[in-house]
There are 2 protein chains.
Amino acid sequence: MKKNEIPDIIISRLPIYLRALRHMQTQQKQTTSSQELGARVGLSAAQIRKDLSQFGEFGKQGTGYNIVFLVDKLREILRVNRVWDVAVIGMGDMGHALARYQGFNDRGFRVAMVFDNDPGKVNTQAGNFIIQDMKGIVPAIRESGIRVAMLCVPAESAQEVTDLLVEAGIKAILNYAPISLKVPEDVHVQYLDPSIGLQRMTYYLE
Amino acid sequence: MKKNEIPDIIISRLPIYLRALRHMQTQQKQTTSSQELGARVGLSAAQIRKDLSQFGEFGKQGTGYNIVFLVDKLREILRVNRVWDVAVIGMGDMGHALARYQGFNDRGFRVAMVFDNDPGKVNTQAGNFIIQDMKGIVPAIRESGIRVAMLCVPAESAQEVTDLLVEAGIKAILNYAPISLKVPEDVHVQYLDPSIGLQRMTYYLE
């Protein structure tokens, strides 16, 4: 599979399909159809078929998709058939919530390290973690081999911290800070700014 | 402006432009160009011009965009030139973080009510709020006129709670629960599942 041939927009939908299929598994379902999956995620059956056909032939005419098989395939494509260690940067409310978040279990991620720059927090316990000093973040992340970070620092320091993360070898940043980050081309950023999510809906409200 | 004529994908980018323009304002900038704005948000200048042209003529050939004017226009289009009251449903770690989140200030939103179903939490204080009982959520939200909610309950109860929110008149849901929600056509949902954000990036990691 050549990575550059699949449009980003299709890749961005695969985790949604995976989540819906996992949910079907909890309901003891064995097979599904592009119609049913589409209805669950709010897309047309044609879109589902087109997206999945990028990666091979997953369904059978008439019998639909085997859920276990499709889940395995999607996990493989998305590279979450393994566990990625993740660093949480900034242990305010959001950082604490993420460090304790149960929703990463079995979805490919595990919080492995947490950092803050507040001397009052450094070396204290937060859940299962000892909060590490931001001062040592570059060597700590580099030695750990961690490639994925969740950024929960204030907007004012987000770019500066991002530069350190890039230096440390981080290649994927989930950004909770309300600011667009500048990163090299081989570093990926996803934005989870709640105000943006809300502003995307108010346009439609009467 | 006829709402249905503007593609959703364009609407979804406007909050990103607004955030970048607000950030330019904090840097005392007066004007910007589609090139500069595009570079800040990772899109082409042509895309920026095309998106903004849907709503009228905002820029001048040669002088670019007046930032104050464009910010005002975008706030008006997105209907965040007012303050929307928001209800937080589910006061676990994520709900607490959102109830205390400072990033809504000046972006069109204010947390106004918080709810939980845990008898140990109901009627206790959380920051500036008294946690209200989920049992009374339908009349409480209906009387308040609140139309926007942030959903932070576990996946197992998310659909059931969503049905109550719809009954109460909620029209926009920011969903932190890791599950696709079924809602009527006039109710909007945005998903902020951190695992999805992470899974959208691991595909690209070597």
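Description of the structure in this document. (Residues numbered from 1 in each chain as written. Chains lettered and ligands numbered in written order. Predicted model: local features only at pLDDT ≥ 70, side-chain atom pairs only at ≥ 80, totals over all residues. Heavy atoms only, no water.)

### Description of the overall build of chain A
Phase 1: Counting its secondary structure elements, chain A contains eight helices and eleven strands.
Phase 2: The principal-axis extents of the C-alpha atoms in chain A amount to approximately 60 × 45 × 35 Å.
Phase 3: Looking at the 206 residues of chain A, the share that counts as buried comes to 49%.
Phase 4: If you take every contact in chain A between residues at least 6 apart in sequence, the share linking residues at least 24 apart comes to 55%.
Phase 5: Summed over its atoms, the accessible surface of chain A is roughly 9,800 Å², and 47% of this surface lies on carbon and sulfur atoms.
Phase 6: Computing the positive centroid from 24 side-chain charges and the negative centroid from 22, chain A places the two 8 Å apart. (Helix = DSSP H or I, 4+ residues; strand = E, 2+ residues; numbered from the N terminus. Buried < 20%, exposed > 50% of the residue type's maximum accessible area, 1.4 Å probe, protein only. Contact = heavy atoms within 4.5 Å. Areas by Shrake-Rupley, 256 points an atom, 1.4 Å probe, with all protein chains shown as cover. Lys, Arg positive; Asp, Glu negative; His and termini not counted. Charge placed at Lys NZ, Arg CZ, Asp CG, Glu CD.)

### Regarding the relation of the copies chain A and chain B
Phase 1: Once chain A has been moved 0.0 Å along the axis and rotated by 180°, it coincides with chain B to within an RMSD of 0.0 Å. In symmetry terms, the pair is related by a two-fold rotation axis.
Phase 2: Most of the interface of chain A is mirrored in chain B: 100% of its interface residues are interface residues there too. (Least-squares fit on C-alpha atoms with pLDDT ≥ 70 in both.)

### What about the nonpolar core?
Side chains of nonpolar character tend, in soluble globular proteins, to be buried together.
Phase 1: One finds Leu14, Leu52 and Met150 of chain A together with Leu14, Leu52, Leu74 and Met150 of chain B to be the most contacted residues of the largest nonpolar core, which totals 104 residues.
Phase 2: With sequence-adjacent residues up to four places away left out, Leu52 of chain B is seen in contact with Leu14, Tyr17, Phe58, Tyr65, Leu70 and Leu74 of chain B. (Core = buried A, V, L, I, M, F, W, Y, C linked by side-chain atoms within 4.5 Å.)

### Points about the interface of chain A and chain B
Phase 1: At the junction of the two partners, chain A supplies 57 residues and chain B supplies 58 residues.
Phase 2: Surface buried jointly by chain A and chain B totals about 6,100 Å² across both partners, of which 64% is contributed by carbon and sulfur atoms.
Phase 3: Counting the contacts that link chain A with chain B gives six salt bridges.
Phase 4: Residues Arg19 of chain B and Asp193 of chain A are paired through a salt bridge, measuring 2.9 Å at the closest nitrogen-oxygen approach.
Phase 5: One can count 18 residue pairs in polar contact (both at pLDDT 80 or more) joining chain A with chain B.
Phase 6: Taken together, the elements giving at least two residues each to the side of chain A that touches chain B come down to α1 (8-26), α2 (34-41), α5 (93-100), β9 (148-151), β10 (172-175), β11 (188-191) and α8 (194-202) of chain A.
Phase 7: A breakdown of the residues in the side of chain A that touches chain B according to their chemical character gives 34 nonpolar, ten polar and 13 charged. (Buried area = accessible area lost by both parts, 1.4 Å probe. Salt bridge = Lys/Arg side-chain N within 4 Å of Asp/Glu carboxyl O. Polar contact = N/O pair within 3.5 Å; in protein donor to acceptor, adjacent residues only side chain to side chain. Nonpolar A, V, L, I, M, F, W, Y, C, P; charged D, E, K, R; others polar.)

### Examining the layout of surface pockets
By rolling a water-sized probe across the atoms, one finds the places where empty space is left.
Phase 1: Its volume calculated, the second largest pocket comes out at about 1,200 Å³.
Phase 2: Forming the boundary of the second largest pocket are 47 residues, of which Val153, Pro154, Ala155, Glu156 and Pro178 of chain B lie nearest the centre.
Phase 3: If you list the elements that add at least two residues to the lining of the second largest pocket, you get α1 and α5 of chain A together with α5 (93-100) and α7 (155-167) of chain B. (1 Å grid on protein atoms, 1.4 Å probe; cavity = no way out; pocket = protein on both sides within 12 Å on 5 of 7 lines; lining within 4 Å. Points joined across faces, edges and corners; volume = space filled by probe spheres on them.)

### Examining the pattern of salt bridges
Phase 1: A complete count under the given rule lists 18 salt bridges over all chains for this structure.
Phase 2: In this structure, Asp106 of chain B and Arg22 of chain B form a salt bridge, with 2.5 Å as the shortest nitrogen-oxygen distance. With Asp106 of chain B in the loop between α5 and β5 (109-116) and Arg22 of chain B in helix α1 (residues 8-26), the pair connects residues that are 84 residues apart, well separated along the chain.
Phase 3: If you follow the salt bridges from partner to partner, you end up with Arg19 and Arg107 of chain A together with Asp193 of chain B in one network.

### Focus on the pairing of strand β4 (residues 84-89) of chain A
Residue and element names in this part refer to chain A.
Phase 1: For β4, a buried count of five out of six residues is recorded, marking the element as mostly surrounded by other parts of the structure.
Phase 2: Both β4 and strand β5 (residues 109-116) contribute to a ladder of six bridges, which runs parallel. Each bridged residue has a counterpart across the sheet, and for Val86 the counterpart in β5 is Val111.
Phase 3: For the segment spanning β4, α5 and β5, crossover handedness is right-handed.
Phase 4: In this sheet, β9 lies alongside β4 in parallel orientation, the contact comprising four bridges. Across the sheet, residue Val86 finds its bridge partner in β9, namely Val148. (Pairing = 2+ DSSP bridges. Right-handed = clockwise from strand over helix to strand, strands pointing away.)

### Overview of the sheet that holds strand β4 (residues 84-89) of chain B
Sheet strands associate in pairs through backbone hydrogen bonding, adopting either a parallel or an antiparallel arrangement.
Phase 1: Taken together, the six strands give an open sheet; going across it, the order is β8-β5-β4-β9-β10-β11 (chain B), and neighbouring strands pair in parallel fashion. Strand pairing shows two members of the sheet lacking a second neighbour, β8 (132-133) and β11 (188-191) of chain B, which therefore form its edges.

### Points about α8 of chain A
Residues and elements named next belong to chain A.
Phase 1: By the criterion of burial, α8 is predominantly enclosed, with eight of the nine residues buried.
Phase 2: All of the buried residues in α8 are Pro194, Ser195, Ile196, Gly197, Leu198, Gln199, Met201 and Thr202.
Phase 3: Measuring from the side-chain oxygen of the N-cap residue of α8 to the backbone nitrogen of Ser195 gives 3.0 Å; that N-cap residue is Asp193.

### Brief notes about the pairing of strand β9 (residues 148-151) of chain B
Residues and elements named next belong to chain B.
Phase 1: Residue alternation in β9 divides its side chains into two sets, Val148 and Met150 and Ala149 and Leu151, and both sets are buried.
Phase 2: Pairing geometry for β9 and strand β10 (residues 172-175), over four bridges, is parallel. Paired with Val148 across the two strands is Ala172, which belongs to β10.
Phase 3: Following the chain from β9 across α7 to the adjacent parallel β10, one finds a crossover that is right-handed.

### A closer look at the packing of α5 of chain A against α5 of chain B
Phase 1: Where α5 of chain A meets α5 of chain B, the closest approach of the two axes is 9 Å, and the angle between their N-to-C directions is 170°. Here α5 of chain A lies roughly antiparallel to α5 of chain B, going by the angle between them. Where α5 of chain A approaches α5 of chain B, its residues Asp93, Met94, Ala97, Leu98 and Arg100 of chain A are matched on the opposing element by Asp93, Met94, Ala97, Leu98 and Arg100 of chain B.
Phase 2: Tallied by class, residues from the contact of α5 of chain A with α5 of chain B come to six nonpolar, no polar and four charged. (Axes fitted to C-alpha atoms, helices over the stretch in contact; angles between N-to-C directions. Parallel < 35°, antiparallel > 145°, perpendicular 65-115°, else oblique.)

### Overview of the sheet that holds strand β2 (residues 59-60) of chain B
Residue and element names in this part refer to chain B.
Phase 1: Taken together, three strands build an open sheet; the order of strands is β1-β3-β2 and the sheet is antiparallel. Bordering the open sheet on either side are β1 (31-32) and β2, each of which pairs with just one other strand.
Phase 2: In terms of strand pairing, β1 meets strand β3 (residues 64-66) through two bridges, oriented antiparallel. From the neighbouring strand, Thr32 faces β3, where its bridge partner is Tyr65.

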